[in-house]
Structures are given as structure tokens and as C-alpha cells.
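# A closer look at the structure
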Amino acid sequence: MVDSLRPVLFITLFVSLFISISAQTCTTHVFPSNNQVSTDFTSCNDLPVLNSFIHWKYDPATRRVHIAYRHTNIDSSRWIAWAINPTAKGMQGSQALVAYQKDGQMTAYTSPITKYGTSLAEGKLSFDVPNLTASFQNREMTIFATIQLENSTVVNQVWQEGPLSNGVPTIHSMAPANRQSMGSLDFLSGQSSTGVHGVLNVVAWGILMPVGAIAARYLRVFNSMDPAWFYVHIVTQTFFFD
């Protein structure tokens, strides 16, 4: 009886672990006391792809918003960027904040993106950025900035990451997560929208795909799990490719 339950317990624990990891939210994060921007961020959103989070505090009197864009599980050979697109959704036309490590020190600058295949060249944005710094600690890269909003508190946001080559940012991957890293954000209400498809993609790649693979690899050897392992495998993979 115990032997027959082992595969079930194994896959249950595996699924629970993935759900626990995916349930971690920005609200549990504590910024170090020596962070570059002495701001108590009052709002935050978990971005659905690229291990990213956006924290902010909006000041209605000055129409300024203090932000911290965090990218976790990243190494020093990568760059990160968070941007506002004032005119449309997507990368082209975005006004970006870029950060990466160079010669052991973090560098942060602004970069207007006028076309696809950009090299993220430094330049002035269409809105003011009075403060801009970045940090890198424990495989977590963060951009701290103060942004002067011009009109609406609702913005089109884009976030991205990619490799460095000879210490210079190069083009990012075209994997599904990189193509879906965009949405809208309201700094006043805190509401955001990144699309249902992006959320489903995270569930499919992060949970269902591994569960289906494990079912096919490990559960099929147990006679007591035949044909249950096959149905688990088919259902999870069918959802993934739907």
C-alpha cells in the first residue's frame, strides 16, 4: 500500500513546490536599509514573466513616481531594462531605464528606443528622470528611479533582460517570455494588465510541462499507476500546446 502511494506523494510534493515558488509576491520583499532611494514604496505588482517585480510610490502633488524595478535570479553578465511607452504598447517608442554591471560597478542610464534591434544607446527621454541608480546583490538586479509623469497615471510598461557582449548590451532573446513582457500599469489605483495569455504561459511552462515530463519518466515504472501516468502526461502536455 505504501509503495503504491509513493509516486502519488512524489508528484504531489513536486506540484506543491512549484505552486509555492510561484506564489511568492512582491509584498513580502524587504529592501535593504541602504538602498539608493530612501523611499517607502507603497504599491507593487508581480510581473508575470522574467522573474520581475515593480514597486512604486506615487506623489499626486508633484506627479512624480518613485519606482524600483527588480529582476531576480540574474547574473552579472546580463542587462535589465524597464520602460514606459508614451505612445503605444510594445518596445518601439519606449523610454527605457537600463542597468548592468560594468567593471564591478553598476551603471544606470536612460535610453529612448526608436526601432527594433536597438543597442540601448544612452540618450534623453521624453520625460524627466531626476534620479536614477541601480544595485546588484544576491543575484538580484534593481533599478531605482524617480519619474516625472506628464499626463495620465496609466502607462504602457515594458520590461526586458538580455546578455552583455564585451561589456555592452546586445539584443535580447525572442523566447515567449521576452515577447510577452509588456502591459499597462496605473500608478494611482495600482491596477495592471499584462494579458491572460501571459499568465497562462507561465503556468504552462513553469508547472504543467515539468509535471507531464515527470509523470512520463517516473510514474510509468509503477504498475499501480498504469494507466494513470499516461493520462497525467497527456492532459498536461495537451494544455501546454493548446
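Located above this text is the structure these notes cover.
Residues numbered from 1 in each chain as written. Predicted model: local features only at pLDDT ≥ 70, side-chain atom pairs only at ≥ 80, totals over all residues. Heavy atoms only, no water.

## Description of the layout of surface pockets
Of the voids in this model, the second largest pocket is the one considered here, and its volume is about 350 Å³. What lines the second largest pocket is a set of 22 residues, and nearest its centre among them are M91, Y116, Q160, H172 and N178. Every element with two or more residues in the lining of the second largest pocket is listed here: β4 (78-85), β9 (154-165) and α2 (176-179). For the lining of the second largest pocket, the per-class residue count stands at 13 nonpolar, eight polar and one charged. (1 Å grid on protein atoms, 1.4 Å probe; cavity = no way out; pocket = protein on both sides within 12 Å on 5 of 7 lines; lining within 4 Å. Points joined across faces, edges and corners; volume = space filled by probe spheres on them. Helix = DSSP H or I, 4+ residues; strand = E, 2+ residues; numbered from the N terminus. Nonpolar A, V, L, I, M, F, W, Y, C, P; charged D, E, K, R; others polar.)

## A closer look at the environment of A81
For A81, the location among the structural elements is in strand β4. On the basis of relative accessible area, A81 is assigned to the buried category, the value being 7%. Along the chain, A81 and V158 lie 77 residues apart, while their C-alpha atoms are 8.2 Å from each other. Those residues in contact with A81 that sit more than four places away from it in its chain are Y69, L97, V98, I143, V158, W159 and Q160. (Buried < 20%, exposed > 50% of the residue type's maximum accessible area, 1.4 Å probe, protein only. Contact = heavy atoms within 4.5 Å.)

## Thoughts on the sheet that holds strand β8 (residues 140-148)
Overall, antiparallel pairing links the five strands, which are arranged β1-β2-β3-β8-β7 in an open sheet. Whereas interior strands pair on both sides, the edge strands pair on one side only; in this sheet they are β1 (43-46) and β7 (131-137). Ignoring which end each strand starts from, the neighbouring axes of this sheet average 15 degrees apart. One ladder, built from four bridges, connects β1 with strand β2 (residues 52-59); its direction is antiparallel. What sits directly across from C44, in β2, is H55. (Pairing = 2+ DSSP bridges. Axes fitted to C-alpha atoms, helices over the stretch in contact; angles between N-to-C directions.)

## Remarks on the nonpolar core
Counting 27 residues, the largest nonpolar core has I67, Y69, W82, I147 and F187 as its most contacted members. Of all elements in the fold, only β2, β3 (64-72), β4, β5 (95-102), β8 and β9 reach the threshold of two or more residues within this core. Of all the elements, β8 adds the most residues to this core, at four residues. (Core = buried A, V, L, I, M, F, W, Y, C linked by side-chain atoms within 4.5 Å.)

## Thoughts on unusual backbone geometry
Despite not being glycine, L50 shows a phi value in the positive range, around 65 degrees. For L50, the location among the structural elements is in the loop between β1 and β2. Positive phi, normally seen in glycine, also occurs at N166, with a value near 55 degrees. With respect to the secondary-structure elements, N166 resides in the loop between β9 and β10 (168-169).

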